[in-house]
Amino acid sequence: MNKPVRGWGGTTWPRWSILVALVVLSLGASYGAYTLAGYSWDQVVSYQSPYTTMSGIDYVGARPNLDVAVPNAEARRVVLIVIDGLRDDASRTMDSINALREQGADVSLTVPQPSLSYPTWTTILTGAPQQISGVTTNWYEGRVPVETLFDVAAGSGRSVAVAGPVDLEALYGVSEVTSATALTEWDDATYMSDDIVDGALALNASSPANFTFVLLPDVDVAGHAYGGASDEYAATVAKIDDDLARLIAGLDDGSTTFVVLPDHGHTDTGGHGGGEAAATATFAAFAGPGVAQTTAEANLEDIAPTVAVIAGLQAPLQGTGTAIDAILADENGSSRDADMVRAAGITLEYIATVLGEDGLADLESIDSPAAFARLRANADAERLAAERSGRLPWLIGAIVALAALLVIVGVRSWRALVASISGAAVYFGLYNALFFLAHDYAWSLSTFNEESQVSAFFNGRMLEAAGCGIIACAVAALVYVALRRQPRGPHSGYLPEWLALGPATILLTQLVLALQVAIFVWQWGASVVWILPNMQDAFKYDLDLIQLTALAAAALLGAGITWAIGRLHPRTRKAASQ
Ligand SMILES: [Zn+2]
């Protein structure tokens, strides 16, 4: 007998087609999310900065050739030392750095995002943030395309010595642009900073270099291996303290300015890259000729221009930072003014690149570094607002799609709708409890301590998303049973409906995630062409896409789960026997 049986909502609709449609939509959402996740990741990693050729000369005139000395500037000898991954609190235990602070300036710094090493080394050396330098991750390949302190120092005829890991060669071509280098192979198993300090001292032994750059990597290695709050980290910091003291003592001739800072900090458990204070609230210690005895707050972008003014050099061209006036003992002839002119030109060209020449209408009265930053932020906000209103229809479309699914399921069966919503709610509660409470993760690049952990991290989240999805399906089935006085199981002629309840629950969950993805795409766009997205938002966006992808497995398995509960639940069995 083929008597039509009442399904959800009591029609004789082709009931199997709903099941098929739900599964197909879920698989489609999964595939789309997978594709978008790969595309978006690549967009950030392979970001091509449109700002690397900025010179500002259309607005302030050509900068004098580097071999033309800055008028009235004293060519001061500067030693710039970067200690990779040194936290601010750990630096306060170091006698060598505290001595510099006492003698000179103690600056609180904010590090731009993402707080990874290649990007932040580049910011220190160029004054340019990631968005402008184009160096967004440690996977960056090739020469950094914006001007560095090496370029301006060597171009100005100064002798330049560089000691540090070989990465400095790949990124900045130091052996080509500088006078002398001592480069060390990166080796996580061996303490490298003693050799690097030896190298820096040897380079300066016969004739002291006018500009010396030293990068000490070991604190970062200890941070990754043991965490920023560990005893091992503290022990490495103590070792670096001794080597730093040795370096400073060896290079100090009484007329040298020392600048010591980290590229970023480290979280307690190890890791950086995100916006946590432990990673991004850092310091710089300045001491020597040209430095006032004071404290100040600044950005990492301000280091290169400040070093340039102290040294009596032109600052690297594309930097958005400006010299930290508060810590300058003097303007070093025209050095400080030259930096203001350069920064004004770069700000104007940045605005022209972002908004076009029309955006430049009311820019006559730039007077302070704060005005530069404000004008750039206003330009960003104006273009983002225009792009967001252009993308708004897509966001509205996503909201309509979610509402339509709710209506379709609800019209067929309000109990199935309540059951699916309950399942989806359990999914989000469970997934996020695992993420934030059980694992103590955050929406932050610092979450994976090392690059080798990236794929394991995302695979783990996919497994958890699929597992939480299956539990959500079970919850939906139990809720459905609870909502009926005499629930009937799949064996009572409701087979397609019971099979469909799982995929419906998963598709609803996927659509809630898709809505969050749509909000991100509305805010930042899927392509990264002129502005980097907020990194915390971008991390959440990637995780939403990962969950969307993994949930297709739960849709397939979930059909079996809801069927089995419908088949085996004591109340549906009782109803069947009546
Ligand atoms: Zn690191």
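Residues numbered from 1 in each chain as written. Predicted model: local features only at pLDDT ≥ 70, side-chain atom pairs only at ≥ 80, totals over all residues. Heavy atoms only, no water.

J.: For this particular structure, what's the right way to read the packing of helix α11 (residues 218-226) against helix α12 (residues 231-251)?
T.: A pair of packed helices is captured by two measures, namely the crossing angle of their axes and the spacing between those axes. The N-to-C vectors of α11 and α12 enclose an angle of 175°; their axes lie 8 Å apart at closest approach. As the angle between them shows, α11 and α12 are arranged roughly antiparallel. Touching D218, V219, A222, G223 and Y226 of α11 are E232, Y233, T236, V237 and I240, all from α12. When grouped by side-chain class, the residues that make up the contact of α11 with α12 number six nonpolar, two polar and two charged. (Axes fitted to C-alpha atoms, helices over the stretch in contact; angles between N-to-C directions. Helix = DSSP H or I, 4+ residues; strand = E, 2+ residues; numbered from the N terminus. Parallel < 35°, antiparallel > 145°, perpendicular 65-115°, else oblique. Contact = heavy atoms within 4.5 Å. Nonpolar A, V, L, I, M, F, W, Y, C, P; charged D, E, K, R; others polar.)

J.: Before we go on, may I ask you to explain a nonpolar patch on the surface in this structure?
T.: Nonpolar side chains collect at one region of the surface, where W16, L495 and W563 lie side by side and expose about 290 Å² of accessible area between them. Within the secondary structure, L495 sits in helix α19 (residues 495-524). The class for L495 is partly exposed, based on a relative accessible area of 30%. (Patch = residues over 30% accessible without salt bridge, like charges linked within 9 Å, V, L, I, M, F, W, Y side chains within 5 Å. Areas by Shrake-Rupley, 256 points an atom, 1.4 Å probe, with all protein chains shown as cover. Salt bridge = Lys/Arg side-chain N within 4 Å of Asp/Glu carboxyl O. Buried < 20%, exposed > 50% of the residue type's maximum accessible area, 1.4 Å probe, protein only.)

J.: Could you clarify how one ought to interpret the packing of aromatic side chains in this entry?
T.: Under the defined criterion, the tally for this structure stands at 22 aromatic pairs. A ring pair is formed by F448 and F539, whose centres lie 5.8 Å apart and whose planes are at 45°; its orientation type is tilted. Taken as a pair, F448 in the loop between α17 (414-438) and α18 (454-483) and F539 in helix α20 (residues 535-568) lie far apart in primary sequence, 91 residues in all. Judged by its relative accessible area of 5%, F539 is buried. Taking the ring centre of Y191 as reference, the NZ or CZ of K239 above it sits at 4.3 Å. The aromatic ring of F457 is capped on one face by R461, whose charged end is 5.1 Å from the ring centroid. (Phe/Tyr/Trp six-rings, centres within 6.5 Å; stacked < 30°, edge-to-face > 60°. Lys NZ or Arg CZ within 6 Å of the ring centre and 35° of its normal.)

J.: In this structure, what is going on with helix α14 (residues 303-311)? I would like to understand it.
T.: In an α-helix, one turn spans 3.6 residues; hence positions three or four apart end up facing the same way. Counting buried residues along α14, nine of its nine residues qualify, which places the element largely inside the surrounding structure. Looking at α14, one finds that the buried residues are I303, A304, P305, T306, V307, A308, V309, I310 and A311. After α14 finishes, the residue G312 shows a positive phi value of roughly 75°.

J.: What's the story with the packing of α17 against α19 in this structure? I'm lost.
T.: Between α17 and α19, the shortest axis-to-axis distance is 8 Å and the interhelical angle comes to 55°. In terms of their interaxial angle, α17 and α19 are classed as oblique. Along this stretch, α17 crosses α19, giving a crossing that reads as right-handed. Contact residues: A416, A419, S420, I421, G423, A424, Y427 and F428 in α17; L501, A504, T505, L508, T509, V512, L513 and Q516 in α19. Here the contact of α17 with α19 is composed, by residue class, of 11 nonpolar, five polar and no charged. (Left-handed = near helix turned anticlockwise from the far one by under 90°.)

J.: Would you explain the coordination of the zinc ion in this entry?
T.: Expected angles at a metal are 109.5 degrees for tetrahedral coordination by four donors and either 90 or 180 degrees for octahedral coordination by six donors. Coordination sphere of the zinc ion, protein contribution only: D220 (OD), D220 (OD), H224 (NE2) and H272 (NE2), at 2.0 to 2.4 Å. Around the zinc ion, the four donor atoms are arranged such that angles at the metal cover 56 to 150°; this shape is classified as irregular. The sequence motif formed by the donor residues of the zinc ion is D-x3-H-x47-H. Placement of the pair is D220 and H224 together in helix α11, with a separation of four residues, close to one helical turn. No difference in accessibility class separates D220 from H224, as the two residues are buried. (Donors = N, O, S within 2.8 Å, 3.2 Å for Na, K, Ca; no water. Tetrahedral: all angles 85-135°; square planar, octahedral: opposite > 155°, others 65-115°.)

J.: Looking at this structure, how should I read the nonpolar core?
T.: One broad rule of soluble globular proteins: the nonpolar side chains tend to lie buried together. Core analysis: the biggest nonpolar cluster contains 53 residues, and Y51 and Y427 have the highest contact counts within it. Secondary structure elements with two or more residues in this core: α1 (15-45), α15 (335-355), α16 (369-412), α17, α18, α19 and α20. Of the residues forming this core, the biggest block, 12 residues, is contributed by α20. With sequence-adjacent residues up to four places away left out, Y427 is seen in contact with A465, C468, G469, A472, T509, Q547 and L551. V107, L109, V152 and L261 belong to the second largest nonpolar core, which has 51 residues in total. (Core = buried A, V, L, I, M, F, W, Y, C linked by side-chain atoms within 4.5 Å.)

J.: Teacher, can you tell me more about the sheet that holds strand β8 (residues 294-299) here?
T.: Sheet strands associate in pairs through backbone hydrogen bonding, adopting either a parallel or an antiparallel arrangement. Strand order in the open sheet made by the eight strands is β4-β3-β5-β1-β6-β7-β2-β8, with mixed pairing throughout. Edge positions in the open sheet fall to β4 (180-184) and β8, since each of these has one partner strand only. Neighbour to neighbour, the strand axes of the sheet diverge by 15° on average, direction disregarded. When strand β3 (residues 160-165) meets strand β5 (residues 211-216), the two strands line up parallel, connected through four bridges. Across the sheet, residue A163 finds its bridge partner in β5, namely V214. (Pairing = 2+ DSSP bridges.)

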